Each structure stands twice: as structure tokens, then as C-alpha cells.
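Single-letter residue listing:
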Amino acid sequence: MKSSTAGLIGIVALALLVGGHYLGLAYTVGVSMALAAIFGYGWPHYLGIPAKKTLGTVIAFTGVLAALTAGLAEGRDYLAWSAIYIAVGFGAIMVVQLIRGTGQKHRLESTLGAGAGVAIAGFACGWVASFRFLGDPGMNLIVAISAAVALLAGMLPWPDRVNAPLAIVLAVLAGPLAALLFSDVRIVPAAVLAAVVASVIAAFRRLRTLAGPLGASAAEKLVAEETSVEKLTAEAATVDAATVDPTDVTTAASEVATAELSDANDSVSASAGASVSAPVSAPASAPRRTIGLAAAAAAAALGPILSIGAMVYFLEKILLS
């Protein structure tokens, strides 16, 4: 996924979240729930792990319930139930990993990746709690402007060793400036918030570059493996249709081609998360792959935005209390 695409999605999400200070609590809760649901659906596609629908449902429900509870909570403990939802969600992830039938070799990686998604989705409730705690948009504007500057810096096609320090420096400069223009927050707290937000965004950008483009996701791996299966099928058909005498050499070649085809089918079945009932699995539909890749791109872009929600809320309580 291009950094420019991730940056644009992140900036739009920031605008929607900050707009809650002008449109009310119900709007903020609704936007947080919607973003958590989108992230939950797309995160397993981004990681390329099996049981995408089930794991995506668990992650999405964790974020949705945490945001809804933060909006309905009484008193000042807005995130009292959020840790419980995250714990239950992680437990559900472990149960799904234990009972699923494919991808056993990478079960630990899948569990950790999906568990991280549960935590990120649960942190989305921090934006709701921040709205209820502050009441005015000043602090959130500082956070949003700093994050937007870091995202814009991340769009530059430069290596991470240059891009990450640049994003942090620019955000630290933009945060205090936004504090002077839009709020009564002092310069030092604004700079601290900006540095934390920019560090999280730079870390997620590094994660995307380490993971490579979305072409390495399970959906595109499946397409490549299906192409390999088709090639092996053609080779097997060529062997079967050969006009040579039926000697032991021909029989051996056919058996080797059949064995390779069977191994390829097993690989496709393991990566797709579904059993193969025919010698050659049918290619997945193009629209489904497109939706999966789009959801994966959205989840990768929304990850840092949702992550800073609870973090910003607790920093605000520390700095302003």
C-alpha cells in the first residue's frame, strides 16, 4: 500500500473524529464504532491470517462495544469496561485459534497479530472518552493537527531512517503552534502530545514498510499459488496426452506431476483457510479479493489513528488534571 493512500485515509479519519466536538457525543460514538468495525474487518486481511471472518468479527465487536460503553458510561470512569472487552476479545481469539483447522504452523503468529488487533480496536474508545473528558476541542485539535502533519511527512517517498525523525520534529513544531492558535494549553504539554502521536504514526509506517506492500497478503499469495496449480495441471495433462509408449518412465512422470499438484492444492488450502475438495481449487472471485485488499489497506491506515485514542486520553488526564 502506498504511503500516500494510508496518509489520506488517516487524515479523513482524524477529521471525522475531531468533528465530534462540533456535532455531539452521539456522532463521536457512531464514528468510533464505524472505524473500529472497518478496522476489525480489514486487520486479518492485512495480516494474511486464516479464519479472517471469525477473527475480524471478534476484533470489530471489541472496538464497537468499547466505544459504545465509553459513550454510555456514568461517572468519570469512561474506560472502566474497555479493559474487560479487550481481555474477553483476546480470549475469544485464542479459542478461535485452538479450534480452527488450517494454518496450524503459524498459529502463534496469528494469535499475536489478531490479539494486537483486538487491543487497537479497543483503544478507539479513547476518542469518545476524550470528548467527554475535555468538552472543548482544543486538545484534540492539537493531537489531530500533529497527527496530520506526521501523516503528511510519512507520504514522502523517503526511507524510514529519514522520514521518522522528520515526522516527529515537524509534529513537535506543529503541536505548540496549534496550542497557541486554538487552545489555552501550554507549549510543553502540547509538544509532549505531538511527540507521542508522531512516534506512534512513524512506528506504524515502519510496520507497513517491513511487512511490504499488500501484494504479499494472503489473498495475492493465493492467486500466485492458484497460478502454480494451473501450471502443474497443464504439465500433468501434457504427460497424460503424450504419445510415447506406456513405459515405466511415463508412469513415473505422471506420478510426480500428480504429487506436485496435490502438494500445491494443500498449500492453497492452508493459505486460504478452507479445505480443497477437488484436485484443483477454483480461483477466488476477483470482487472478493478486491474487497479484501481494500479492507486491508483501510485497516493499515486506521491502525495508528485508533491506537492513539486511549493513549491521548490518559495523557490528557495526566497533563490537565
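Residues numbered from 1 in each chain as written. Predicted model: local features only at pLDDT ≥ 70, side-chain atom pairs only at ≥ 80, totals over all residues. Heavy atoms only, no water.

### Digging into the packing of aromatic side chains
Condition: Aromatic rings from Phe, Tyr and Trp, taking only the six-membered ring of Trp, are treated as a pair when their centres fall within 6.5 Å; an angle between ring planes under 30 degrees marks them as stacked, one over 60 as edge-to-face, and anything in between as tilted. For the purposes of this entry, the term helix denotes a DSSP run of H or I that reaches at least four residues, the term strand denotes a run of E that reaches at least two, and both are numbered from the N terminus. Think of it in three bands: with a 1.4 Å probe and only protein chains considered, a residue is buried below 20% of the maximum accessible area for its type, exposed above 50%, and partly exposed in between.
Scanning the entire structure with this criterion turns up six aromatic pairs. Both rings, one in W43 and one in Y46, keep their centres 5.6 Å apart while their planes meet at 35°; by these two values the pair is tilted. Placement of both W43 and Y46 in helix α3 (residues 25–47) is noted, with a separation of three residues, approximately one turn of the helix. With centroids separated by 6.4 Å and ring planes inclined at 35°, the aromatic side chains of W81 and Y85 adopt a geometry described as tilted. Overall, the relative accessible area of 21% leaves Y85 in the partly exposed class. In textbook terms, an aromatic cluster arises when at least three aromatic residues are bridged by ring pairs, as seen for Y78, F133, Y313 and F314.

### Considering unusual backbone geometry
Although it is not a glycine, A51 adopts a positive phi angle of roughly 55°. By the element assignment, A51 lies in the loop between α3 and α4 (52–72). A51 sits in the partly exposed class, given a relative accessible area of 24%.

### Brief notes about the side chain of K52
Applicable threshold: Whenever a nitrogen or oxygen atom comes within 3.5 Å of another N or O atom, the pair is scored as a polar contact, on the condition that within protein one atom can donate a hydrogen and the other can accept it, and that pairs from neighbouring residues in sequence are kept only if both atoms are in side chains.
Mapped onto the fold, K52 is located in helix α4. The class of K52 is buried, set by a relative accessible area of 19%. At 3.0 Å, the side chain of K52 forms a polar contact with the backbone oxygen of I49.

### Here we look at the environment of G89
To keep things clear, this is the line we draw: Note on contacts: a residue pair is in contact if any heavy atoms of the two residues lie within 4.5 Å.
If you trace the backbone, G89 turns up in helix α5 (residues 82–99). If we ignore the near neighbours within four places in the chain, the residues touching G89 are V58, T62 and V118.

### Focus on the side chain of T69
Here T69 is to be found in helix α4. Judged by its relative accessible area of 16%, T69 falls in the buried class. Within the structure, the side chain of T69 is placed 3.0 Å from the side chain of Y85, a separation counted as a polar contact. Beyond its immediate chain neighbours, meaning those up to four positions away, T69 contacts Y78, W81 and Y85.

### Side note on helix α9 (residues 160–182)
Using the following cut-off: Expected helix span is computed as 1.5 Å times (number of residues minus one).
Taking 1.5 Å of rise per residue, the 23 residues of α9 would be expected to cover 33 Å, and the 31 Å separating its terminal C-alpha atoms lies within 8% of that figure. Turning to α9, its buried residues are D160, N163, A167, A171, A174, G175, P176, A178 and A179.

### Digging into the packing of α3 against helix α6 (residues 107–123)
This is how it is decided: To get an axis, fit a line to the C-alpha atoms, keeping to the stretch in contact for a helix; angles then go from 0 to 180 degrees between the N-to-C directions. Any angle between 65 and 115 degrees counts as roughly perpendicular, while under 35 counts as roughly parallel, over 145 as roughly antiparallel, and the rest as oblique. Less than a right angle of anticlockwise turn of the near helix away from the far helix marks a crossing as left-handed, whereas a clockwise turn marks it as right-handed.
Closest axis-to-axis distance for the α3/α6 pair is 10 Å, and the angle between their directions is 160°. By the angle between their directions, the pair α3 and α6 is classed as roughly antiparallel. As α3 runs across α6, the sense of the crossing is right-handed. Of the residues in α6, those in contact with A36, F39, W43 and L47 of α3 are G113, A114, G117, I120 and A121.

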